[in-house]
Amino acid sequence: MTEFEALEKRISVRAYEKRPLPPETVAELRETIDACNAAAGLHFQLIDKNADKKPAVKLSPGMFAGEVYTCALLAGPEGELGGEMVGYFSEKLMLKAVSLGLGACWVAGTYDRKSVSPALCDGEKLWGVMPLGYAAEKVPLLQRTIRSRIRAKDRKTEAFVESDYPYTSLPAWIRAGAEAVKAGPSAVNQQPVNIVYKGGLVTARLWKEKKNELMCLDLGIAKYQFQVGAENAGVRGFWNFGEDGEFIAE
Ligand SMILES: Cc1cc2nc3c(=O)[nH]c(=O)nc-3n(C[C@H](O)[C@H](O)[C@H](O)COP(=O)(O)O)c2cc1C
């Protein structure tokens, strides 16, 4: 499965089978985590309790069903830039998990913090956790309802781009990137990130007046989604971090 196919398939999985992951899958996740940490100075950690089938994290029972024996602790530098980088690389990890046939979810709030013990250096914090397991074939009604209620608040794709030109006349790769941003996860589905295409430059910004910490994560996630969507439409590139950071097409 390509990264773009994983992006199309991804949803926030809130019901998991009580099935351990094979060691080779855990090894691939660990490799991706190591690469993210090395690329950006992050401190993602993989909790692997598959051998003794112990929950890797306690998720809030109202929001989640089943159990996971593997979980990523998404730790990294404090501050806006730290959050953005954690968001960006967490999405890379999320798409890797999907490509390995797993289900995952970004969880910043609805878990028991005391159930995990991240290693943190000075100036770092735990931004959230990502349960990694097999999605239950039959999703309980409660979890299905949660998703459809939350995603019902989706904005139109055109609203994700700010430009001097009409949406329909924008380059296909920018529209593809915007569609990918729309398809991505965001905290309580706020979808607070817009792509800005002005003066030939592509940037991304938080458009909501009232900002909160989680939106830095959303900004990084949206940037990664955009990059994968644009690449699938034929334009490879990379982002500079920070709200005014540009997308540089190669
Ligand atoms: C930074 C971040 C934090 C999130 N925290 C939670 C959470 O604490 N609990 C939860 O159930 N979902 C959480 N989510 C998942 C979102 O609710 C979900 O991505 C959004 O509703 C869109 O649905 P989808 O991912 O299925 O497309 C979080 C997502 C992000 C990006």
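Residues numbered from 1 in each chain as written. Predicted model: local features only at pLDDT ≥ 70, side-chain atom pairs only at ≥ 80, totals over all residues.

Here's the deal with the packing of helix α2 (residues 23-40) against helix α3 (residues 80-99)
No. 1: It is the contact of α2 with α3, at a shortest axis distance of 10 Å, that shows an interaxial angle of 160°. Taken together, the axis directions place α2 and α3 in an arrangement best described as roughly antiparallel. The interaxial crossing formed by α2 with α3 has right-handed handedness. Counted together, L29, T32, I33, C36 and A40 of α2 and M85, F89, K92, L93, K96 and A97 of α3 form the full contact between these two elements.
No. 2: Looking at the contact of α2 with α3, its residues break down into eight nonpolar, one polar and two charged. (Axes fitted to C-alpha atoms, helices over the stretch in contact; angles between N-to-C directions. Helix = DSSP H or I, 4+ residues; strand = E, 2+ residues; numbered from the N terminus. Parallel < 35°, antiparallel > 145°, perpendicular 65-115°, else oblique. Left-handed = near helix turned anticlockwise from the far one by under 90°. Contact = placed C-beta atoms within 7 Å. Nonpolar A, V, L, I, M, F, W, Y, C, P; charged D, E, K, R; others polar.)

So, the sheet that holds strand β6 (residues 193-198)
No. 1: Strands sit in the order β5-β6-β7 across an open sheet of three strands; the sheet is mixed. Looking at the sheet topology across the chains shown, the edges are occupied by β5 (161-163) and β7 (201-206). Shown here is a sheet whose adjacent strand axes are inclined to one another by a mean of 25°, direction ignored.
No. 2: Bridge count between β6 and β7: six bridges; the pairing is antiparallel. Each residue of the ladder has a partner; that of N194, found in β7, is R205. (Pairing = 2+ DSSP bridges.)

Some thoughts on the site of the ligand
No. 1: Inspection of the region around the ligand gives 22 residues, with S12, W106, A108, G109 and P185 positioned closest.
No. 2: For the shell around the ligand, the secondary-structure elements that each account for two or more residues are α4 (141-151) and α6 (214-232).
No. 3: Residue classes in the shell around the ligand are distributed as 13 nonpolar, six polar and three charged. (Near = placed C-beta within 6 Å.)

Some details on the nonpolar core
No. 1: Formed by 67 residues in total, the largest nonpolar core has its most connected members in C71, A72, L74, V129, M130, L132 and I195.
No. 2: Element by element, the count of residues in this core is highest for α6, at eleven residues.
No. 3: Each of two domains, domain 1 (3-142) and domain 2 (153-249), supplies a minimum of three residues to this core. (Core = buried A, V, L, I, M, F, W, Y, C linked by C-beta atoms within 7 Å. Buried ≥ 20, exposed ≤ 12 C-beta atoms within 10 Å, placed from the backbone. Domains from an automatic or database assignment.)

Side note on unusual backbone geometry
No. 1: The phi torsion at N189 lies on the positive side, around 50°, for a residue other than glycine.
No. 2: When you line up the elements, N189 lands in the loop between α5 (172-183) and β6.
No. 3: N189 sits in the partly exposed class, given 17 other C-beta atoms within 10 Å.
No. 4: In this structure, Q191 takes a positive phi of about 45° despite not being glycine.
No. 5: Judged by the 22 C-beta atoms lying within 10 Å of it, Q191 is buried.

With respect to α6
No. 1: Compared with the 27 Å implied by 1.5 Å per residue over 19 residues, the 27 Å span of α6 between its first and last C-alpha is a close match.
No. 2: Within α6, 19 of the 19 residues are buried, which leaves it mostly tucked inside the rest of the structure. (Expected span 1.5 Å × (residues − 1).)

Description of the domain arrangement of the protein chain
The extent of an interface is frequently quoted as the accessible surface area lost upon association of the parts.
No. 1: Once the domains are mapped, the protein chain shows domain 1 (3-142) and domain 2 (153-249).
No. 2: Taking only C-alpha atoms into account, the centre of domain 1 sits 23 Å from that of domain 2.
No. 3: Contributions of two or more residues to the side of domain 1 that touches domain 2 are made by α1 (3-9) and α3.
No. 4: The element contributing the most residues to the side of domain 1 that touches domain 2 is α3, with eleven residues.

Comments concerning the pairing of β6
No. 1: Relative to β6, β5 runs parallel, the two being bridged by three bridges. Bridged to S163 within β6 is Y197.
No. 2: Regarding topology, α5 serves as the crossover connection from β5 to the parallel β6, and that connection is left-handed.
No. 3: Between the antiparallel neighbours β6 and β7 lie two residues, among them G199 with a positive phi of about 55°. (Right-handed = clockwise from strand over helix to strand, strands pointing away.)

Here's the deal with the pairing of strand β2 (residues 70-77)
No. 1: Among the eight residues of β2, eight are classified as buried, and the element is accordingly described as predominantly covered.
No. 2: Where strand β1 (residues 45-48) meets β2, four bridges bridge the pair, whose relative direction is antiparallel. Across the sheet, D48 pairs through a bridge with T70, a residue of β2.
No. 3: As judged from the eight bridges shared by β2 and strand β4 (residues 124-133), these two strands associate in the antiparallel manner. Bridge assignment links P77 to a residue of β4, and that residue is E124.

Comments concerning the packing of α5 against α6
No. 1: Running from N to C, α5 and α6 cross one another at 140°; their axes reach a closest spacing of 7 Å. Taken together, α5 and α6 sit at an angle that is classed as oblique. The two elements α5 and α6 cross, and the hand of that crossing is right-handed. Contacts between α5 and α6 pair W173, A176, G177, E179, A180, V181 and A183 from the former with A222, Q225, F226, V228, G229, A230 and N232 from the latter.
No. 2: For the contact of α5 with α6, the residue count by class is nine nonpolar, four polar and one charged.

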